[in-house]
Amino acid sequence: MLLAKWAIVRVFHCEVCGAELFFENSLCVTCGTPVGYSRGQGTMAAVSADRPICANLNRCGCNWIADPASAFGLCFSCMLTRTRPADGDLVGLGQYWVAESAKRRLIFGLDELQLPIKVSDGHVGLAFDLLSSSQGKIMTGHQNGIITLDLAESNDAHREALRESMDEPYRTVLGHFRHEIGHYYCELLALIPDRRDEFRALFGDESTSYEEALQRHYSTGSGHDWQDRFISAYATMHPLEDFAEVFGHFLHIADTLQTAQEFGLIADQQRVGPLETPMAELIARTWLPLTKGLNQINRSLGRPDLYPFVLAQPVIVKLAFVADLVVHASLRN
């Protein structure tokens, strides 16, 4: 089942003067009007008494309009953060700034796909613990709707060193968030009675021991032919990690296609959305030509490939499953 609901709103315009604005703007550089992203309107809005900017503007650069439901003047994205570095942790606070910027883009993308997002009430819903490893060892991960991020991932040198040591082609803060949110939506959308059999047919039995799979993965590796069936080497570790990797990749594709279309990088005859076109057609007709071009541009600049992935047919089938989950979730949302 496919649904044509995908919106293209990557570029915005100032309500006052009509000048072009971008997602990160907190000020219109043309007319000087303070602006913020209004989640309720899905666009950039002029800041006013009845549309105040988030109280975290100066703490983490948040440029979203405050949510009326917040007693502390926070926006919806900042309301999702359960724990942040202490005010005295200057290193952690600098890294927290980077992480919150990535999280806002994550939430924007989930909203565009009309996926359900509920602030955790301690029992159900979503929350983020953004923790500074300057205060102790932190494990990035997800458990029961709580996403934990080691804020050291916001440091480019630290993250690149880990990427190389783990032989990963790609590692970003936004990528971490998209992977971990995949675990959240796996529980919410895939591991339910109506979809569990489909999940297991594609990804495997999620009830197998995670700890044993983890030990096996780091002792024996992922095998030489993993690209024939998986999106990444890490996806081979356990069915739950396979799903999270595929879900995160679906978010990469959806967000990148939206941006590319808005900026005229995709020809009119190739303009398709991830919810309105069969995945195999989307990959062949639009995604592969786009990423080939982007890789060649990077090579022209002497840089590594921007998109260092191979999408085998089993991976495309898994992406199609994720797209179908998103469609049905948006119908219920």
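In the block above lies the structure referred to throughout.
Here, residues in each chain are numbered from 1, in the same order as that chain's written sequence. Thresholds applied to this predicted model are a pLDDT of at least 70 for local features of residues and 80 or more for the giving and counting of side-chain atom pairs; totals over whole chains, interfaces and linings are not thresholded and use all residues. Only heavy atoms go into the side-chain values, all of them from the structure, while hydrogens and water stay out.

Draft legend 1. Seen up close, unusual backbone geometry. You will see that Q114, though not glycine, has its phi angle at about 60°, which is positive. The numbering of helices and of strands both runs from the N terminus, where a helix is a DSSP run of H or I of at least 4 residues and a strand a run of E of at least 2. Summarising the element assignment, Q114 is placed in the loop between helix 3 (90-112) and strand 6 (127-131).

Draft legend 2. The arrangement of the packing of helix 9 (residues 279-300) against helix 10 (residues 313-332) in detail. The N-to-C vectors of helix 9 and helix 10 enclose an angle of 115°; their axes lie 8 Å apart at closest approach. Residues M279, A280 and I283 of helix 9 touch helix 10, and the partners they reach there are I316, L319, A320 and A323. For this classification, Asp, Glu, Lys and Arg are treated as charged, while Ala, Val, Leu, Ile, Met, Phe, Trp, Tyr, Cys and Pro are nonpolar and the rest, including Gly, are polar. A breakdown of the residues in the contact of helix 9 with helix 10 according to their chemical character gives 7 nonpolar, no polar and no charged. Simply put, an axis is a line fit to the C-alpha atoms, just over the touching stretch for a helix, and the angle between two N-to-C directions goes from 0 to 180 degrees. Note on contacts: a residue pair qualifies if any of its non-hydrogen atoms lie within 4.5 Å across the two residues.

Draft legend 3. Representation of the sheet that holds strand 5 (residues 81-83) within the structure. Two strands are counted as paired when DSSP detects at least two bridges linking them. Judged by pairing direction, the sheet is mixed, and its 4 strands sit side by side in the order 5-6-8-7 without closing on themselves. The open sheet has two free edges, formed respectively by strand 5 and strand 7 (141-143), since each of these has just one partner strand. Direction aside, neighbouring strands of the sheet carry axes that sit 30° apart on average. One ladder, built from 3 bridges, connects strand 7 with strand 8 (residues 146-150); its direction is antiparallel.

Draft legend 4. Representation of the environment of Q114. Of the residues examined, Q114 reaches a relative accessible area of 25% and is grouped as partly exposed. Taking the C-alpha atoms as reference points, Q114 and I316, separated by 202 residues in sequence, lie 22 Å from one another. Whether a residue is buried, partly exposed or exposed follows from its accessible area with a 1.4 Å probe, protein chains only, as a fraction of its type maximum: under 20%, in between, or over 50%, in that order.

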